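Next come the chains, spelled out residue by residue.
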Amino acid sequence: MLPKLNPDYQVVGTASNGVEGLEVISRMRPELVIMDIQMPEMDGLTMMERLRGQGVQCKVVVLTAYSDFTYAKRAIELNIENYLLKPIRIPELQKTLENVEKTLEEERGTEYLKEWALSLEQIFRGCILAEFPIDEELNQITQEKYALNVKEPFAMLAIWLGDHYDHNVGTVEQLLESNISRAGDYRWMILRFSRYQMVGVILYQMKDRNVIRKRYEDMVGIVLERVLKFKIVCTWSECNGLKEMADAFNQMQEERMWSLSFPDGTLITPQLLASSEVMPIKYPLDMESLIRQALADADPASFERVVRYFIQSVRDGVHHPDDIRGAAIRFCLNVLTLGRAGGRINVPVPTQSMVAQLTKAVTWEEIETVFVSLCQTVNMPGEELEGYSSLVKRARAMIEEYYMQGITLEELAQKLYVSEEYLSSQFKKETGVSFRDTVKHYRIDKIKELLLHSSLKLNQIADMVGYSDPKYMSKVFKEEVGMLPAEYRKTGQ
């Protein structure tokens, strides 16, 4: 009958009496036992009492012709799922089996949670991503394993790396660990969220949230940007219990855009946003005439000054991020319109893509990337912005991004679709420094930053800047700086 009710049901054993049943159930450990009460040699309820004494907690459905209350009472005491009187009605049996199946699934979920939640990291991650309910059972697990109450206050720090995530997530983690490991007034956990290109820090069992927040406001963004050499977005949130973590995380994602409104390295906190007076942007009235004049002069330096003037204008004061992005879109459309009218833009420009990039920008680095792309479409004689050609500018950007991975001239040339010889000669001609020396200088500068602003060991620093041998790194460092890394670290103390 069972396979007809559900093909997934599998009978793993049968027995014709209580003694045989005791042996089969003890050995097979089934999820469900369907049994009679009156059986030869040992009745069903006695058999189950013996099994419960052995710790066997399988589900049990009793089928019997006896409606005696004594039997029913003993069945209840043995935690039996249902007590069905013969003759059995198929719909009643089917409903009983479905209820047993549902109970087993719920219990398997609970057991999975207990196993999955052995890691505190997974508990925090699951709460942030709303992957399981925060209930009394979870609270019992966290209290037993970690002396952690799910209702206690927590703080979250999120560091959004954007496209720099893959190459820099390890560096960020090591920098964080070297700095927060000294803290004695709270406990912490670092988490990676590759989907969001973010590194998170959970802070708990904090002695004074305000003091800790102030410490991060003064330190985290500035220190990380100084070492990483690119712009990051840091947001902060506080919540009363794990139940609020998912909502707090979603709110932090929304608040990322406010990095456009404050100086680089600012930690975006709810307290900062609440205390800031947001002013409307006054788009410079002379912007169009300045753009038109720069285009007419065909002077790259003049055009760059217009770009910088715009950026300075919209970064003066605290403005809503949407207003900033709107102003940036207006500026780009003005350049495109005036550039086409003046004959300075003669190539197709993906306007829709440009506007989409600006609409979702959360850092000034993203906005300036669009501006650089826009400037490259303007046909002007003379040198490129910053005195370098587009090729050398891209090469320098790639060196800065990949130097810690030991990028070679050959690899760089392949990425830029030029020959090694041409790239090498153009790079040296425009910068005055060879490719090899440029990579070395990037590494030396990074080593200096790590020595002065972290407590990382030399082998960790060597790994982070692309040297496989810390001794060789020390040798190169001494040749360039005139002292060993350990000596240089002391100079900054």
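Scroll up a little and you will see the structure.
Attention in this report is confined to the structure presented alongside it. Every chain is numbered on its own, with residues counted from 1 as its sequence reads. For a predicted model such as this one, the threshold for reporting local features is a pLDDT of at least 70, and the threshold for listing and counting side-chain atom pairs is 80 or more; totals across whole chains, interfaces and linings nevertheless cover every residue. To get the side-chain values, all heavy atoms of the structure are used, and hydrogens and water are removed first.

With that out of the way, let us pick up the pairing of strand β5 (residues 187-193). As paired elements, β5 and strand β6 (residues 198-204) share 7 bridges and run antiparallel to each other. Residue pairing across strands places phenylalanine 193 opposite methionine 198, the latter belonging to β6. The rule for pairing is simple: two strands pair if DSSP sees at least two bridges between them. Only DSSP runs of H or I covering at least 4 residues are called helices, and only runs of E covering at least 2 are called strands; the numbering of each starts at the N terminus. Between β5 and β6, which pair antiparallel and follow one another directly, the connecting turn spans 4 residues, one of which, glutamine 197, has a positive phi of 55 degrees.

What follows covers unusual backbone geometry. Positive phi outside glycine occurs at arginine 29, with the angle close to 50 degrees. Secondary-structure assignment places arginine 29 in the loop between α2 (18-28) and β1 (32-35). Each residue gets one of three labels from its accessible area relative to the maximum for its type: buried under 20%, exposed over 50%, partly exposed in between, using a 1.4 Å probe on protein chains only. Given the relative accessible area of 48%, arginine 29 is considered partly exposed. Even without being glycine, alanine 147 reaches a positive phi, approximately 50 degrees. For alanine 147, the position within the fold is in the loop between α7 (136-146) and β4 (153-160). Overall, alanine 147 belongs to the exposed group, its relative accessible area being 56%.

Attention now moves to the nonpolar core. Core analysis: the biggest nonpolar cluster contains 42 residues, and Leu157, Ile159, Leu203, Tyr216 and Ile447 have the highest contact counts within it. Only β4, α8 (165-180), β6, α9 (209-228), β7 (233-240), α20 (435-453), α21 (458-465) and α22 (470-481) provide two or more residues apiece to this core. Among the nonpolar cores identified, the runner-up in size contains 34 residues, and Ile291, Ala327, Ile329 and Trp364 belong to it. The nonpolar core is taken to be a set of buried Ala, Val, Leu, Ile, Met, Phe, Trp, Tyr and Cys residues, with the residues joined through side-chain atoms within 4.5 Å.

Salt bridges, as used here, are contacts in which a Lys or Arg side-chain nitrogen is within 4 Å of a carboxyl oxygen on Asp or Glu. Under the criterion given, the structure shown has 15 salt bridges. Between arginine 308 and glutamate 368 there is a salt bridge, and its shortest N-O distance comes to 3.7 Å. With arginine 308 in helix α13 (residues 300-314) and glutamate 368 in helix α16 (residues 364-377), this residue pair connects regions lying 60 residues apart in the sequence. Accessibility expressed as a relative area gives 40% for arginine 308, which makes it partly exposed. Overlapping salt bridges bring together Arg209, Arg213 and Glu238 as one network.

Moving on, we get to empty space enclosed by the protein. Here a cavity denotes grid points, spaced 1 Å and computed from the protein atoms alone, that fit a 1.4 Å probe unable to get out, and a pocket denotes an open set having protein on both sides within 12 Å along at least 5 of 7 lines; residues with an atom within 4 Å of a point are the lining. Grid points are joined across faces, edges and corners, and a volume is the space filled by probe spheres set on the points. Taken as a whole and assessed by the stated rule, the structure comprises 3 cavities of 30 Å³ or more. Lining the largest cavity are 14 residues, and of these Glu225, Ile232, Ser259, Asp264 and Gly265 lie nearest its centre. Of all the secondary structure elements, the ones that give two or more residues to the lining of the largest cavity are β7 and α16. The residue classification treats Ala, Val, Leu, Ile, Met, Phe, Trp, Tyr, Cys and Pro as nonpolar and Asp, Glu, Lys and Arg as charged. All others, Gly included, are polar. Taken together, the residues of the lining of the largest cavity sort by class into 5 nonpolar, 4 polar and 5 charged. A volume near 60 Å³ is recorded for the second largest cavity. Together, Ile128, Met156, Leu157, Ala158, Leu191, Phe193, Met198, Gly200, Val201, Ile202, Phe249 and Met252 line the second largest cavity. Top element by residues in the lining of the second largest cavity is β6. It accounts for 4 residues. By residue class, the composition of the lining of the second largest cavity is 11 nonpolar, 1 polar and no charged.

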